[in-house]
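Descriptive analysis of the structure
The residues making up each chain are set out below.
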Amino acid sequence: MGKLVIGHKIYRYDEVGSTNDVAKGLALEGALEGTVVLAEYQTNGRGRLGRTWISPRGKNILLSVLLKPHLEPDSVFLITLMSSVALARTLASYGFDARIKWPNDILIAGKKAAGILTEMVSDEHQSQCFIVGIGINVNMTQEEIPRDLRDQVSSLGPIKNKTLDRNALIKGLLLSLDENYNLLKHKHYEKILEDWSTLSFLTGKWVRVFVRERILEGVALGIDRKGSLLLKMESGLIETVSSGDIELMEKLYVQ
Ligand code: BTN
């Protein structure tokens, strides 16, 4: 095995605004790719679609990785895809049946246990840097999950009825990210798409998609080569959804 890129340098903090912002700051100062930022607590943790990411102090994993791949603009989405594969695989190695809910939520038994927020920043040489921010609910108790989210959110430790070693999990995740990042750098895009599809939670299921003012209902077919979700509507028409919120329509599974 070659030298690992991801995690060659790890910054650990007790408290930050957001690990993604710290990683952005480091990128602007010229930090090398593979730099990792970890925090025990975030005062301004962010999720996708402008949401807040809530995580009690010292319980979960809050991590950001700085990456500088040379990608064509229409392949940028693969950064998040390969990261979600790495994350799902790491959790699978702990015996969890982790699935990816498009675009990049990690579900265990249908409930979200981790999420990814990828952001972009240009460094001082105007070259593109990507910050992959990963939040994993590890040892947060059921009571620590906000009441209104309890039927949608899960935490790894409570599922197994034990406290998990966060450092071991981080180590496994960084290794898995490194492996998947190599696929991306060597342009093995097909392999990433294939791995992602194998882990996809939504494929073959009836879903409701909220896209701005529109609501679409149909069967999720998978993703296209741009990372958009393909939805087969009742009319037979196939819609392409590039971003949105998805709800599962529990009753209607397709054989
Ligand atoms: C989502 O599912 O909406 C994405 C959640 C991403 C949360 C992580 S926690 C570490 C990093 N720092 C942040 O502010 N957000 C990401």
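See the structure printed just above.
In this report, the structure presented in the accompanying data block is examined. No experiment lies behind these values; they were computed from the predicted model shown.

1. Here we look at the environment of Val219
Looking at the secondary structure, you find Val219 in strand 9 (residues 214–223). By relative accessible area, which is 12% here, Val219 ends up buried. For the pair Val219 and Val207, spaced 12 residues apart in sequence, the C-alpha to C-alpha distance is 6.1 Å.

2. Remarks on the pattern of salt bridges
Evaluation of the coordinates by the stated rule reveals 18 salt bridges. Among the ionic pairs, Lys187 bridges to Glu72, the shortest N-O distance being 2.9 Å. You can see Lys187 sitting in the loop between helix 4 (166–185) and helix 5 (189–199) and its partner Glu72 sitting in the loop between strand 3 (61–67) and helix 2 (77–92), a full 115 residues away along the chain. Exposure remark for Lys187: the relative accessible area of 45% places this residue in the partly exposed category. With a relative accessible area of 31%, Glu72 lands in the partly exposed category. Among the ionic pairs, Glu190 bridges to Arg225, the shortest N-O distance being 2.4 Å.

3. Digging into unusual backbone geometry
Look at the link from Trp102 to Pro103: it is a cis peptide, with omega at 0°. One can find Pro103 in the loop between strand 4 (98–101) and strand 5 (105–108). A positive phi angle, close to 60°, is found at Lys187, a residue other than glycine. The phi angle at Arg212 is positive, at roughly 45°, despite the residue not being glycine. Within the secondary structure layout, Arg212 lies in the loop between strand 8 (205–211) and strand 9.

4. Re the site of the ligand
Of all residues adjacent to the ligand, which total 20 residues, the nearest are Ser18, Gln42, Arg46, Arg48 and Lys112. Separating an oxygen atom of the ligand from a side-chain N or O atom of Ser18 is a distance of 2.7 Å. Thr19 has a polar side-chain atom sitting 3.1 Å from a nitrogen atom of the ligand. At the level of elements, helix 1 (19–28), strand 3, strand 6 (111–122) and strand 7 (128–136) are the ones that each hand at least two residues to the shell around the ligand. A per-element tally of the shell around the ligand places strand 6 first, with four residues.

5. Some remarks on the packing of aromatic side chains
The geometry of two aromatic rings is summed up by the distance between their centres and the angle between their planes. The full count for this structure, using the stated rule, is zero aromatic pairs. Looking at Lys9, its charged tip hangs above the ring of Tyr11, at a distance of 5.1 Å from the centre. In this structure, Arg57 is placed above the aromatic ring of Tyr41, and the distance from its NZ or CZ to the ring centre is 4.3 Å.

6. Things to note about helix 4
The first and last C-alpha atoms of helix 4 sit 28 Å apart over 20 residues, in line with the 28 Å expected at 1.5 Å per residue. Of the residues making up helix 4, those classed as buried are Leu169, Ile170, Leu173, Leu174, Ser176, Leu177, Asp178, Asn180, Tyr181, Leu183 and Leu184. A side-chain oxygen of the first residue of helix 4 lies 3.0 Å from the backbone nitrogen of Asn167; this N-cap is Asp165. One or two steps after helix 4, the chain reaches Lys187, where phi turns positive at roughly 60°.

The rules behind the values
Residues numbered from 1 in each chain as written. Predicted model: local features only at pLDDT ≥ 70, side-chain atom pairs only at ≥ 80, totals over all residues. Heavy atoms only, no water. Helix = DSSP H or I, 4+ residues; strand = E, 2+ residues; numbered from the N terminus. Buried < 20%, exposed > 50% of the residue type's maximum accessible area, 1.4 Å probe, protein only. Salt bridge = Lys/Arg side-chain N within 4 Å of Asp/Glu carboxyl O. Near = heavy atom within 4 Å. Polar contact = N/O pair within 3.5 Å; in protein donor to acceptor, adjacent residues only side chain to side chain. Phe/Tyr/Trp six-rings, centres within 6.5 Å; stacked < 30°, edge-to-face > 60°. Lys NZ or Arg CZ within 6 Å of the ring centre and 35° of its normal. Expected span 1.5 Å × (residues − 1).

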